[in-house]
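# Chain and residue survey
Each chain, letter by letter, is given below.
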Amino acid sequence: MAVETDRQFAGSIPALYDRFMGPMLFQPYAEDLAARATALSPHRVLEVAAGTGIVTRALAAALPGAAITATDLNQAMLDYAATVLNAPHVTFRQADGQKLPFEAGSFDLVACQFGIMFFPDRVAGFREARRVLAPGGRYLFSVWADLGANDFVEVITEELEARFPEDPPRFMMRTPHGHHNIAHLSRDLATAGFGDVKVESLDKVSRSPSARDVAIGYCQGTPLSAEIAARGDLAAVTEALAEVLAERFGRGPVEGRIRAHVFSAGA
C-alpha cells in the first residue's frame, strides 16, 4: 500500500534526483523513449510525470517541430526542470495525471517514463491518457522491472531490510518496483480503452562515478529519504549504504544491471 510520502518530491530532492538519479537510471531510457516518439512523428506531445525534465529534454531535442507540454504533480520538480530547459516549443504545467486539464483529443502522443507507478488509481490515469489522445494516437510509458533485475536498488533494499528489520523502508519495492506485472498492466490498459498494446523488456547498464553517488541518489534524491529519516540518521545511513555498495560493486566508477518494461498502446 502506498504511503503519503511516496509522491512527495520537494525540498532538496529535485536537484539531487536530477544530478544523481538522472544519468544513472533515467537518461538511457529517456533516449530510447525519445527515439520511439520520433518514429511516430507527433505534432502535439503531452508528457505526464515529467519530473525534473530528463525525458522532456530528450523529447525537445528529438522533436524540434512538435509542441510539447510537460506536466507533473509536483511543482517543485517542474520549477527545477524549467531552470534546465528553455525551449520555445516546450511548456511546463502542473497537473495530476489522473485529472488532466486538457480537452479530449488534444494530443498525438502521451509519454510517461516511470510515472504511472505513482498513480493511486492506475486505471484512472490510463483513462485520462486515452481521453486526451486523438484517434490514432499512441501512449508510450515505462515501468521498472522487479528488484531482482535491478542491481543497485536490490542491494539497497536488502540492506535497509537488514538494518531496520521491524519496519524497513520499502518505498523502492512498493512504488517504483511495485508495478512490474505486464499482464496486470495490459489488463488495465484494455479496461481504459486502449488497444494494440506492445511491450518490450529493455535491459540497460546503470553507471555512476562512485558507490557513494548511488547511495546519495537513492537515499536522498527520492521519497525514500523520508522513510529513512523517520527511522534513523539519514546521513549516517547513506554513508553505511555507500560502503555496502562499494564492497559489492567497487570503489571506483560502478556499473549495475537495470531493466524496464516499455509499453506502447493505441488510442
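Before any of the text, the structure's been laid out above.
In short, a report on the structure. Treat the numbers as computed from the prediction; the structure is a model and nothing was measured. (Residues numbered from 1 in each chain as written. Predicted model: local features only at pLDDT ≥ 70, side-chain atom pairs only at ≥ 80, totals over all residues. Heavy atoms only, no water.)

### Observations regarding the overall build of the protein
- When helices and strands are counted, the protein shows 10 helices and seven strands.
- Over its C-alpha atoms the protein spans a radius of gyration of 18 Å, differing by no more than 12% from the 18 Å that the globule rule assigns to 267 residues.
- In terms of its C-alpha atoms, the protein occupies a principal-axis envelope of roughly 50 × 35 × 30 Å.
- Expressed as a percentage of the 267 residues in the protein, the buried residues total 55%.
- Partitioning the contacts of the protein with sequence separation of at least 6, the portion at a separation of at least 24 is 79%.
- Total accessible area computed for the protein in this model is approximately 11100 Å², and 51% of it derives from carbon and sulfur atoms.
- Taking the 25 positively charged and 32 negatively charged side chains of the protein as two groups, their mean positions are separated by 5 Å. (Helix = DSSP H or I, 4+ residues; strand = E, 2+ residues; numbered from the N terminus. Rg over C-alpha atoms; globule rule 2.2 N^0.38 Å. Buried < 20%, exposed > 50% of the residue type's maximum accessible area, 1.4 Å probe, protein only. Contact = heavy atoms within 4.5 Å. Areas by Shrake-Rupley, 256 points an atom, 1.4 Å probe, with all protein chains shown as cover. Lys, Arg positive; Asp, Glu negative; His and termini not counted. Charge placed at Lys NZ, Arg CZ, Asp CG, Glu CD.)

### Re the sheet that holds strand β4 (residues 107–113)
- Across the sheet, which stays open at both edges, the seven strands sit in the order β3-β2-β1-β4-β5-β7-β6 with mixed pairing between neighbours. In this open sheet, the two edge strands, each paired with only one partner strand, are β3 (90–94) and β6 (195–208). Strand after strand, the sheet turns through a mean of 20 degrees between neighbouring axes, direction not considered.
- Where strand β1 (residues 44–47) and strand β2 (residues 67–72) come together, four bridges link them in parallel fashion. Pairing of Leu 46 across the sheet is with Thr 69, part of β2.
- Its contacts with the sheet put helix α3 (residues 75–84) on β2 and β3, and the angle it makes with β3 is roughly 160 degrees. (Pairing = 2+ DSSP bridges. Axes fitted to C-alpha atoms, helices over the stretch in contact; angles between N-to-C directions.)

### With respect to unusual backbone geometry
- One non-glycine residue, Ser 41, lies in positive phi territory at about 50 degrees.
- Its relative accessible area of 51% is what places Ser 41 among the exposed residues.
- Here the phi dihedral of Asp 196 falls at roughly 50 degrees; this positive angle occurs in a residue that is not glycine.
- Examined against the element boundaries, Asp 196 turns out to sit in strand β6.

### Some remarks on the packing of helix α4 (residues 122–132) against helix α7 (residues 182–191)
- Contact pair α4 / α7: the axes reach a minimum separation of 8 Å and the direction vectors enclose 50 degrees. Relative to α7, α4 is oriented oblique. The way α4 lies across α7 gives a crossing that is right-handed. Each of Arg 122, Val 123, Phe 126 and Arg 127 in α4 lies in contact with α7, whose residues at this interface are His 184, Leu 185, Asp 188, Leu 189 and Thr 191.
- When its residues are assigned to classes, the contact of α4 with α7 shows four nonpolar, two polar and three charged. (Parallel < 35°, antiparallel > 145°, perpendicular 65-115°, else oblique. Left-handed = near helix turned anticlockwise from the far one by under 90°. Nonpolar A, V, L, I, M, F, W, Y, C, P; charged D, E, K, R; others polar.)

### Remarks on the pattern of salt bridges
- Counted by the stated rule, this structure contains 17 salt bridges.
- Put simply, Arg 122 and Asp 188 hold a salt bridge, and the shortest N to O gap is 2.7 Å. With Arg 122 in helix α4 and Asp 188 in helix α7, this residue pair connects regions lying 66 residues apart in the sequence. (Salt bridge = Lys/Arg side-chain N within 4 Å of Asp/Glu carboxyl O.)

### Here's the deal with the nonpolar core
- One finds Ile 116, Tyr 139 and Tyr 218 to be the most contacted residues of the largest nonpolar core, which totals 82 residues.
- If we ignore the near neighbours within four places in the chain, the residues touching Ile 116 are Arg 122, Phe 126, Tyr 139, Phe 141, Val 143 and Leu 185. (Core = buried A, V, L, I, M, F, W, Y, C linked by side-chain atoms within 4.5 Å.)

Just geometry here; none of it tells us what the structure is for.
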